[in-house]
Amino acid sequence: MMEVRRICCIGAGYVGGPTCSVIAQMCPEVMVTVVDVNEDRIRAWNSDSLPIFELGLQEVVDSCRGVNLFFSTDIDEAIKNADLVFISVNTPTKTFGMGKGRAADLKYIEACARRIADVSSGCKIVVEKSTVPVRAAESIRRIFNANTKSSLSFQVLSNPEFLAEGTAITDLKNPDRVLIGGDETPEGQHAIQALRSIYEHWVPKNKIITTNTWSSELSKLAANAFLAQRISSINSISALCEVTGADVEEVAHAIGTDQRIGSRFLKASVGFGGSCFQKDVLNLVYLCEALNLPEVARYWQQVIEINDYQRKRFSSRIINCLFNTVTDKKIALLGFAFKKNTGDTRESSSIYISRYLLEEGACLHIYDPKVKAEQIMQDLTKLTPSERHDPATVSRLVTIVTDPYKACENAHAIVICTEWDMFTELDYERIHKAMLKPAFIFDGRRILDSLHDQLQHIGFQVETIGKRVNQRIPFTASGDRLVCDSQCLITNIEAKWPGSVNDIHILQKSVLYHQFQQGCFDGQLVASIHDDAISES
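Only a predicted model underlies this, so the values are computations on that prediction, with no experimental measurement involved. (Residues numbered from 1 in each chain as written. Predicted model: local features only at pLDDT ≥ 70, side-chain atom pairs only at ≥ 80, totals over all residues. Heavy atoms only, no water.)

**Comments concerning the sheet that holds strand E9 (residues 330–334)**
Quick note on the threshold: Following DSSP output, two strands are said to pair if at least two bridges run between them. Each helix corresponds to a stretch of at least 4 residues labelled H or I by DSSP, and each strand to a stretch of at least 2 residues labelled E; elements are numbered beginning at the N terminus. With axes taken as lines fitted to C-alpha atoms, and helix axes fitted only over the stretch in contact, angles between N-to-C directions fall between 0 and 180 degrees.
Spatially, the six strands line up as an open sheet ordered E11-E10-E9-E12-E13-E14, and their pairing is parallel. The open sheet has two edge strands with one neighbour each: strand E11 (398–400) and strand E14 (461–464). Across the sheet, the mean angle separating the axes of adjacent strands is 20° when strand polarity is ignored. Examined bridge by bridge, strand E13 (residues 440–443) and E14 share four bridges and lie parallel to one another. Counterpart to phenylalanine 442 in the pairing with E14 is glutamate 463.

Structural data, given as structure tokens:
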């Protein structure tokens, strides 16, 4: 069996950096070099300010950097010296051409394969670490075979990562499983054992699964698709809860206690984000279409559509509650990372919600404890498959702040998009005093559930995902406070009613619709309700 003494990882991003840092810490006899073409990123890895935030990562890097862990831009030298090369480069969704918006763009994978073939000698194990479509390893192998020298041989393995951002170091040190796929030839099995020996330094043998290459590649896509499916499933139920009076948290708890279902990934929110879920589900959709499985493709496409629906639905709710307009209104958006305990914003729901509000002319004041201002502005102006957002407009309407209290001053509403723990500990009485009235809180992460009574007592109107907050605080056009339960709403409207109503059921139906869909009413809505009732009668 080949012994691995030197490892090279091409790509110093969210996968390559943490993964190889943990390998270096757990395998002190192995020399690990992480390389990247981005000089600024490598410089950050060699500093005390790492380019990514992960709990525990700084301590891991500090323990072995300069000893058996190195970060470099000398890619060719690292490849030449390595026994094993990880490919951990980005595989973004294509933004143009065939498969636009769904297929993975493998240009960086191909570039790595060609570079490895060009500078290598001897025997090399090349490992796909990036998430790739099924049979991508075959493409890498064909490039190697077409460029093989007499003194060179390759084995290609698939070793997908299953870490979750925010808990990456814990996931790497205590994985549910490590998956290694390779050829079923003797040479392929020797390569699998060589990589397996690295992980066996700290991972129990029964948690290391070996398969053929294709099963390994598909398992990664399928795992992320299943997790995304659970989130979209509970989010679809959250919409039903809001119009029926059920609480999605109670529903999730009830179904999660069924051992056949389990409680993980049943947290309703503004939608899933991150680098993998949407990209991998879309890759799966494209793969199914390419293999003439349209029914399967449509099934998985619906997971994405529900996620988009949840984001649009939440954004529309904000606009509707703010009297159907947010133009020139200051809105404090708390949280921009796609989840807490990470600075990663890729496919964050905050980006989409911000864009929807910006299209309506809202003035956003954005705060996140870990995301840099330049990253936020880049995300809000970057090219998408369908449109480009005008940098001048974004610059005019978006302000990045470093203090959550500053973000909320004179704001019409607070929108919580990331579940940072600190947002549950803010002084909301102080915040309410500094806001315009009526003051709204839109909790897109269900982190303020225990504070609802307190927030309403302070004077906030609280809107959340998957739950109808009972005591709403609607206002008339003159700003007079009205009683919030349905019967008192009817009484207040009858006092303003210009005529008689023969069918009280029609009135109740109209009131409930506007109360729970709009979240408020004023003189204009009273007139609208009157027109609805008369037209139905």
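**Some words on the state of the cysteines**
What counts, and what does not: Any two cysteine sulfur atoms lying within 2.5 Å of each other are counted as a disulfide.
Summed over all chains, the structure comprises zero disulfides. Looking at the unpaired cysteine 20, the closest cysteine sulfur is the one in cysteine 9, lying at 3.7 Å.

**Points about the environment of lysine 329**
Spelled out, the test is: Contacts are assigned to residue pairs that have any heavy atoms within 4.5 Å of one another. Under the rule applied, a polar contact is a pair of N or O atoms within 3.5 Å (in protein, one hydrogen donor and one hydrogen acceptor; residues adjacent in sequence only if both atoms are side-chain atoms).
As for its placement among the helices and strands, lysine 329 is situated in the loop between helix H12 (294–321) and E9. With 83 residues separating them in the primary sequence, lysine 329 and histidine 412 have C-alpha atoms 6.5 Å apart. Contacts of lysine 329, omitting those with residues within four sequence positions, involve Leu322, Phe323, Ala362, Cys363 and His412. Within the structure, the side chain of lysine 329 is placed 2.8 Å from the backbone oxygen of leucine 322, a separation counted as a polar contact.

**Brief notes about the pairing of strand E12 (residues 413–416)**
Regular strands show a simple pattern: their side chains alternate between the two faces of the sheet. Selection rule: For each residue, the accessible area found with a 1.4 Å probe, counting protein chains only, is set against the maximum for its type, and the residue is called buried under 20%, exposed over 50%, and partly exposed in between. When the strands point away from the viewer and the path from the first strand over the helix to the second turns clockwise, the crossover is right-handed.
Because side chains alternate across E12, one face comprises the buried residues Ala413 and Val415, and the other comprises Ile414 and Ile416, equally buried. Looking at chain direction, E9 and E12 are connected through four bridges and run parallel. Pairing of alanine 332 across the sheet is with isoleucine 414, part of E12. Crossover handedness for the path E12 to helix H17 (residues 428–434) to E13: right-handed.

**Quick look at the pattern of salt bridges**
How we decide: A side-chain nitrogen of Lys or Arg and a carboxyl oxygen of Asp or Glu constitute a salt bridge if their distance falls within 4 Å.
One pass over the structure, following the stated rule, counts 26 salt bridges. One salt bridge in this structure joins aspartate 449 and arginine 446, with 2.7 Å as the shortest N-O distance. Taking relative accessible area as the criterion, arginine 446 reaches 3% and is therefore assigned buried. Taken together, the salt bridges that share partners define one network made up of Glu242, Arg313, Arg317 and Glu463.

**Some points on the packing of aromatic side chains**
This is how the line gets drawn: Stacked, tilted and edge-to-face pairs are distinguished by plane angle, under 30 degrees for stacked and over 60 for edge-to-face with tilted covering the rest, among Phe, Tyr and Trp rings (Trp via its six-membered ring) whose centres lie within 6.5 Å.
Tallied over the entire structure, the rule returns 11 aromatic pairs. Taking 5.7 Å as the distance between ring centres and 40° as the angle between the ring planes, the aromatic pair formed by phenylalanine 226 and tryptophan 300 counts as tilted. Here the residue phenylalanine 226 occupies a position in helix H9 (residues 213–244), and tryptophan 300 occupies one in helix H12, the gap between them amounting to 74 residues. Given a relative accessible area of 49%, phenylalanine 226 falls into the partly exposed group. We classify tryptophan 300 as buried; its relative accessible area is 9%. With centroids separated by 5.8 Å and ring planes inclined at 75°, the aromatic side chains of phenylalanine 272 and phenylalanine 277 adopt a geometry described as edge-to-face. Look at phenylalanine 277 and you get buried, because its relative accessible area is 12%. Ring pairs connect the aromatic residues Phe226, Tyr299 and Trp300, which therefore count as one cluster.

**Observations concerning the nonpolar core**
We count it as follows: Among the buried residues, those of types Ala, Val, Leu, Ile, Met, Phe, Trp, Tyr and Cys that are joined through side-chain atoms within 4.5 Å form a nonpolar core.
Residues Ile331, Leu380, Ile414, Phe423, Tyr428, Ile431 and Phe460 are the most contacted members of the largest nonpolar core, which totals 63 residues. The leading source of residues in this core is helix H13 (residues 349–359), at five residues. Apart from residues lying up to four places away in sequence, tyrosine 428 is in contact with Ile416, Phe423, Ile441, Leu448, Leu451, Leu455, Ile458 and Phe460. Formed by 42 residues, the second largest nonpolar core is a distinct cluster that contains Val4, Val34, Ile169 and Tyr199.

**A word on the confidence of the model for the chain**
The test is simple: Values of pLDDT, ranging from 0 to 100, describe the predictor's confidence in every residue of the model.
Averaged over every residue, the pLDDT of the chain is 87; the share at 70 or more is 86%. Counted against residues more than four places away or in other chains, residues 473–506, with its pLDDT under 50, gives 60 contacts. Contacts from residues 513–537, a stretch scored under 50 in pLDDT, to residues over four places away or in other chains number 57 contacts.

**With respect to the UniProt feature "active site" (unreviewed entry) in the chain**
Defined as follows: UniProt positions are given in the numbering used here, feature names are shortened, and annotations may be inferred rather than shown by experiment.
When the UniProt feature table is mapped to this numbering, "active site" (unreviewed entry) covers Cys276. Along the chain, cysteine 276 falls in the loop between helix H10 (248–256) and helix H11 (277–290). Discounting chain neighbours no more than four positions away, the residues touching cysteine 276 are Thr131, Glu161, Lys220 and Asn224.

**Concerning a nonpolar patch on the surface**
This is how the line gets drawn: Patches here are clusters of residues that have more than 30% relative accessible area and form no salt bridge, with a 9 Å joining cutoff for like charges and a 5 Å cutoff for nonpolar side chains (Val, Leu, Ile, Met, Phe, Trp, Tyr). All accessible areas in this document rest on Shrake-Rupley with a 1.4 Å probe, and a residue is counted as covered only by the protein chains that are shown.
A cluster of nonpolar side chains, namely Ile237, Leu240 and Val243, defines an oily patch on the protein surface of about 250 Å² accessible area. By secondary structure assignment, the location of isoleucine 237 is in helix H9. With relative accessibility at 32%, the residue isoleucine 237 sits in the partly exposed group.

**Points about H10**
Let me state the cut-off plainly: Arc definition: directions from the helix axis to the C-beta atoms.
Taken together, the buried positions of H10 are occupied by Val248, Ala252 and Gly256. An end-on view of H10 places all buried positions within 65° of arc, on one side of the element. Along H10, exposed side chains directed more than 90 degrees from the buried face belong to Glu250 and His253. Residues of H10 that are buried sit in contact with H9.

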